[in-house]
Amino acid sequence: MTIDFSRRALGKAPARFDARTYRLGAVLAERLIDIPPACNWLPHASWPMWNNDRIGCCTQVSVASAIRSWTSAAQSTVMLSDAQVLGNYSAQSGYRSDIPASDQGAVELDVLNRWRREGYDRPGQTRDYLTGFGSVEPHERGNVRRAIAALGGLYIGVQIPQYIMQTDGDWVLQTNADRTIAGGHAIWLHGYDQDWLYFNSWGQSLRMTWDWFETYCDEAYGLVSRQNWLGIKGRSPQCEDVNALLAELRAS
């Protein structure tokens, strides 16, 4: 497949941190599963562009990616349409298709808070609501792995160096390339192994090295979704103690 590198939009606004955001590190280790050596919730998936070739809606592409990952593993796949992703982006950010200058991206923390409080459109008659979320330190590899394995993925923000905008394939550190920051980008990580983290971006299944992730990731959040991640028996695919985790989140 020929990739048109000119058709890649960025839309993660600068990270904003809130002291009230729960830090998941300790409770991930205490409440959730032991870390498997590798995990990939969608190893063979193909991904839509979801308008991110021309609009900076990556924060909502990552919401749609999370919903797809969760439901594919725990229930039956729920896939948002282009119109739903764009509608959610407009509702959260104020973007209007008739005003191109209104495409200013979004702050990840704002996206997650709105998802929890007001929900987003999804296929069917119900809105999609996030149950809770907490921050994960990108340099704590154990907690990054545990969040992906136990919670179905990790919602992250990265700073994209210019050379990645021209890269077709793996995201690796390149010391001799143009590392000027082109902008921020939201990503949903859905897998890992010893060497790689697995994700989708701009309609492709991709992977990044751990050192690339630790160099360019500036925010990461573990998400809890009762609606999508718990199956018909009320348990996640890994049967971890989600209720205990939720109690910790609500007490924080």
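Everything numeric here is computed off the predicted structure, so don't read it as measured data. (Residues numbered from 1 in each chain as written. Predicted model: local features only at pLDDT ≥ 70, side-chain atom pairs only at ≥ 80, totals over all residues. Heavy atoms only, no water.)

### A look at the overall build of the protein
Piece 1. What the protein contains, in helices and strands, is eight helices and seven strands.
Piece 2. Every one of the 252 residues in the protein was classed for burial, and the buried ones make up 54%.
Piece 3. Here the protein has roughly 11100 Å² of accessible surface; of this, 46% comes from carbon and sulfur atoms. (Helix = DSSP H or I, 4+ residues; strand = E, 2+ residues; numbered from the N terminus. Buried < 20%, exposed > 50% of the residue type's maximum accessible area, 1.4 Å probe, protein only. Areas by Shrake-Rupley, 256 points an atom, 1.4 Å probe, with all protein chains shown as cover.)

### Examining the packing of helix 2 (residues 58-74) against helix 4 (residues 108-117)
Piece 1. Here helix 2 crosses helix 4 at 50°, and the two axes come no closer than 10 Å. By the angle between their directions, the pair helix 2 and helix 4 is classed as oblique. When you trace helix 2 past helix 4, the crossing you get is right-handed. Every residue of helix 4 that contacts helix 2 at Thr59, Gln60, Val63, Ala66, Ile67 and Trp70 is listed here: Glu108, Val111 and Trp115. (Axes fitted to C-alpha atoms, helices over the stretch in contact; angles between N-to-C directions. Parallel < 35°, antiparallel > 145°, perpendicular 65-115°, else oblique. Left-handed = near helix turned anticlockwise from the far one by under 90°. Contact = heavy atoms within 4.5 Å.)

### Considerations on the pairing of strand 6 (residues 204-209)
Piece 1. The sheet contact formed by strand 5 (residues 196-201) and strand 6 spans six bridges and is antiparallel. The partner of Phe199 across the bridge, within strand 6, is Leu206.
Piece 2. Once strand 5 ends, the chain turns through two residues before running back antiparallel as strand 6, passing Trp202 with a positive phi of about 50°. (Pairing = 2+ DSSP bridges.)

### So, unusual backbone geometry
Piece 1. One non-glycine residue, Trp50, adopts positive backbone phi at about 55°.
Piece 2. On the basis of relative accessibility, which here comes to 1%, the residue Trp50 falls in the buried class.
Piece 3. Even without a glycine there, the phi angle at Asn51 is positive, about 75°.
Piece 4. With respect to the secondary-structure elements, Asn51 resides in the loop between strand 1 (39-40) and helix 2.

### Things to note about helix 3 (residues 82-93)
Given 3.6 residues per turn, any residue in an α-helix points the same way as the ones three and four places further on.
Piece 1. The terminal C-alpha atoms of helix 3, which comprises 12 residues, lie 16 Å apart, in line with the 16 Å expected from a rise of 1.5 Å per residue.
Piece 2. Every buried residue belonging to helix 3 is among Gln84, Val85, Leu86, Asn88, Tyr89 and Gln92, and all of these are buried.
Piece 3. Buried residues in helix 3 make contact with helix 2 and helix 4. (Expected span 1.5 Å × (residues − 1).)

### What to know about the packing of aromatic side chains
Piece 1. Here the structure, examined in full by the defined rule, presents 12 aromatic pairs.
Piece 2. Residues Phe133 and Tyr221 carry aromatic rings whose centres are separated by 6.1 Å and whose planes lie at 85° to one another, so their mutual orientation is edge-to-face. Here Phe133 is found in strand 2 (residues 132-135), whereas its partner Tyr221 is found in strand 7 (residues 217-224), with 88 residues between them in sequence.
Piece 3. Owing to a relative accessible area of 2%, Tyr221 belongs among the buried residues under this scheme. (Phe/Tyr/Trp six-rings, centres within 6.5 Å; stacked < 30°, edge-to-face > 60°.)

### Concerning the packing of helix 2 against helix 3
Piece 1. Contact geometry of helix 2 with helix 3 gives a least axis separation of 9 Å together with a crossing angle of 125°. Between helix 2 and helix 3, the angle falls in the class oblique. Along this stretch, helix 2 crosses helix 3, giving a crossing that reads as right-handed. Along the contact surface, helix 2 presents Thr59, Gln60, Val61 and Ala64, while helix 3 presents Val85, Asn88, Tyr89 and Gln92.
Piece 2. Residue classes in the contact of helix 2 with helix 3 are distributed as four nonpolar, four polar and no charged. (Nonpolar A, V, L, I, M, F, W, Y, C, P; charged D, E, K, R; others polar.)

### What to know about the pattern of salt bridges
Piece 1. In total, this model carries 10 salt bridges according to the counting rule given.
Piece 2. With its nearest N and O atoms 2.6 Å apart, the salt bridge here joins Arg127 to Asp121.
Piece 3. With a relative accessible area of 39%, Asp121 lands in the partly exposed category.
Piece 4. Residues Arg207 and Asp170 are paired through a salt bridge, measuring 2.8 Å at the closest nitrogen-oxygen approach. Here Arg207, found in strand 6, pairs with Asp170, found in the loop between strand 3 (154-161) and strand 4 (181-192); they are 37 residues apart in sequence, far enough to count as distant.
Piece 5. Given the relative accessible area of 30%, Asp170 is considered partly exposed. (Salt bridge = Lys/Arg side-chain N within 4 Å of Asp/Glu carboxyl O.)

### What to know about the side chain of Thr59
Piece 1. Residue placement: Thr59 occurs in helix 2.
Piece 2. Among the residues examined, Thr59 registers a relative accessible area of 0% and is labelled buried.
Piece 3. Discounting residues that sit within four places of it in the chain, Thr59 has contacts with Gly11, Tyr89, Ala106, Glu108, Val111, Tyr155 and Ala186.

### Observations regarding the environment of Pro36
Piece 1. Residue position: Pro36 is located in the loop between helix 1 (25-31) and strand 1.
Piece 2. Sequence separation between Pro36 and Arg145 is 109 residues; the distance between their C-alpha atoms is 8.0 Å.
Piece 3. The contact partners of Pro36, leaving out residues within four places of it in the chain, are Ala149 and Tyr192.

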